[in-house]
Amino acid sequence: MALKASNHEQRRLLELQDVDTRIVRLTAKAKALPQAKRIAELDARLAELDREVLERLGAHDDAAAEVARTESDVKVVEARLQRNRDRLPSITDAKVATATEHEIVTLERRRSELEDLELEAMQAQEDAAAALEEARAAAGEARAERDRVDAERAAEAAGIERELEEARAEREQRTAVISPELLALYERQRARYGIGATLLQRRTSVASGVELTAAELYTIQSAADDDVLLDPNSSAILVRTEESGI
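All of the points below concern the structure found in this document. (Residues numbered from 1 in each chain as written. Predicted model: local features only at pLDDT ≥ 70, side-chain atom pairs only at ≥ 80, totals over all residues. Heavy atoms only, no water.)

## Describing the overall build of the protein chain
Stated formally: Helix and strand definitions follow DSSP, with helices as H or I runs of at least four residues and strands as E runs of at least two, each counted in order from the N terminus. Using C-alpha atoms as the atom set, the radius of gyration is obtained and then compared with a globule rule of 2.2 Å times the number of residues to the power 0.38. Note on exposure labels: buried denotes an accessible area under 20% of the residue type's maximum, exposed denotes more than 50%, and partly exposed covers the range between, all computed with a 1.4 Å probe on protein chains only. Throughout, a residue-residue contact means that at least one pair of heavy atoms, one from each residue, lies within 4.5 Å. In this description, accessible areas are obtained by the Shrake-Rupley approach with a 1.4 Å probe, and a residue is regarded as covered only by the protein chains that are shown. Neither His nor the chain termini are counted; the positive set is Lys and Arg, and the negative set is Asp and Glu. Every charge is mapped to an atom, namely NZ of Lys, CZ of Arg, CG of Asp or CD of Glu.
Looking only at helices and strands, one finds 5 helices and 4 strands in the protein chain. Its helices and strands taken in sequence order, the protein chain reads α-α-α-α-β-β-α-β-β from the N to the C terminus. The C-alpha atoms of the protein chain give 42 Å as radius of gyration, which overshoots the globular expectation for 246 residues (18 Å, by more than 25%). By principal-axis analysis of the C-alpha atoms, the protein chain measures approximately 135 × 35 × 25 Å. When burial is assessed residue by residue, the protein chain has 31% of its 246 residues classed as buried. Put simply, 75% of the contacts in the protein chain that link residues at least 6 apart link residues at least 24 apart. Accessible surface computed for the protein chain: about 15000 Å², of which carbon and sulfur atoms make up 52%. Taken together, the 37 basic and 52 acidic charged side chains of the protein chain have centroids lying 3 Å from each other.

See below:
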């Protein structure tokens, strides 16, 4: 048996469809916020920068270890050199004294070499520290920008969610005044075809944008006002008003 509902009640479906269309639009908007792409880019950039920070931290630690090693070597040579110098005046054996003097010269040359290496290591450590600070600053800037963009996204998402809550509340109000049978048909058509109700406007279905044929219009014109009709193109409930042109 064909479903019947007053034309007034059928018109309520158009208001409900407007709300559902708004909910679909807001849901899609929430899933495609403009900040999402930038956040993804910044996440990828931060992963690179964090790796770079770790690499430069390792290089800095290596440079610091090299400085400590050369400093230790210099101290060892200086200690041995000082012992030989203190010992030299008390040596009575000429050969031993000559050997000690020769070792002192060798140690002095070795100390000079180590001091040069120490300066190079200290410069390398200084350069590594500057590179590390640069990497940390770049990572900090990127992280600050991500936090800012994420805050913008959160604020916009919260605004959309408020609109969605209002739309859902309005939907509950509108469905409450529609008969269960008519609402069930609307929900079924909307689930299947994406739209539950559409206006017949100037002999054209708003949902499909297609003008009805003469035969289709004749069938509609022959139907009673309380007959529930389906759009032959979109399969949505076809609501007739003064704008329908029939």
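## Let's talk about the nonpolar core
Test applied: Nonpolar core, defined: a set of buried Ala, Val, Leu, Ile, Met, Phe, Trp, Tyr and Cys residues in which side-chain atoms within 4.5 Å join the residues together.
Judged by nonpolar contacts, the single largest core of 14 residues is most densely connected at Leu13, Ile178, Leu182, Tyr186, Ala197, Val228 and Ile237. Elements represented by at least two residues in this core include exactly helix H1 (7–31), helix H4 (180–193), strand E1 (197–201) and strand E4 (237–240). It is H4 that provides the largest number of residues to this core, a total of 4 residues. Excluding residues within four positions of it along the chain, valine 228 makes contact with Leu3, Lys4, Ala5, Gln10, Leu182, Leu185 and Ile237.

## Some details on unusual backbone geometry
Where the residue is not glycine, phi is negative for most of them; where a peptide bond is considered, it is trans in most cases. Residues other than glycine seldom take positive phi values, yet arginine 202 does so here, at roughly 50°. Among the structural elements, arginine 202 can be located in the loop between E1 and strand E2 (204–205). With a phi angle near 65°, arginine 203 is a residue other than glycine that sits in the positive phi range.

## Concerning the sheet that holds E1
Strand-to-strand pairing in sheets goes through backbone hydrogen bonds, with the strands running parallel or antiparallel. Rules: Strand pairing follows a simple DSSP-based rule, namely that at least 2 bridges must link the two strands. Between the N-to-C directions of two axes lies an angle of 0 to 180 degrees, each axis being a line fitted to C-alpha atoms and, for a helix, fitted only over the stretch in contact.
Taken in spatial order, the 4 strands line up as E2-E1-E4-E3 in an open sheet, and their pairing is mixed. Only two strands of the sheet have a single neighbouring strand rather than two, namely E2 and strand E3 (229–230). The pairing of E1 with E2 spans 2 bridges and is classified as antiparallel. The partner of leucine 200 across the bridge, within E2, is serine 205. Across the sheet, H1 is in contact with E1 and E4; its angle to E4 comes to roughly 115°.

## Some words on the packing of H1 against H4
We count it as follows: Orientation is classified from the angle alone, with under 35 degrees giving roughly parallel, over 145 giving roughly antiparallel, 65 to 115 giving roughly perpendicular, and any other angle giving oblique. The sense of a crossing depends on the near helix, which, turned anticlockwise from the far helix by less than a right angle, makes the crossing left-handed and, turned clockwise, makes it right-handed. Note on residue categories: nonpolar means Ala, Val, Leu, Ile, Met, Phe, Trp, Tyr, Cys or Pro, charged means Asp, Glu, Lys or Arg, and polar means any other residue, Gly included.
The contact between H1 and H4 brings their axes to 11 Å, and the two run at 40°. Accordingly, the angle class assigned to the pair H1 and H4 is oblique. The way H1 lies across H4 gives a crossing that is right-handed. Where H1 approaches H4, its residues Glu9, Gln10, Leu13, Leu16, Gln17 and Asp20 are matched on the opposing element by Leu182, Leu183, Tyr186 and Arg190. Residues belonging to the contact of H1 with H4 are distributed by class as follows: 5 nonpolar, 2 polar and 3 charged.

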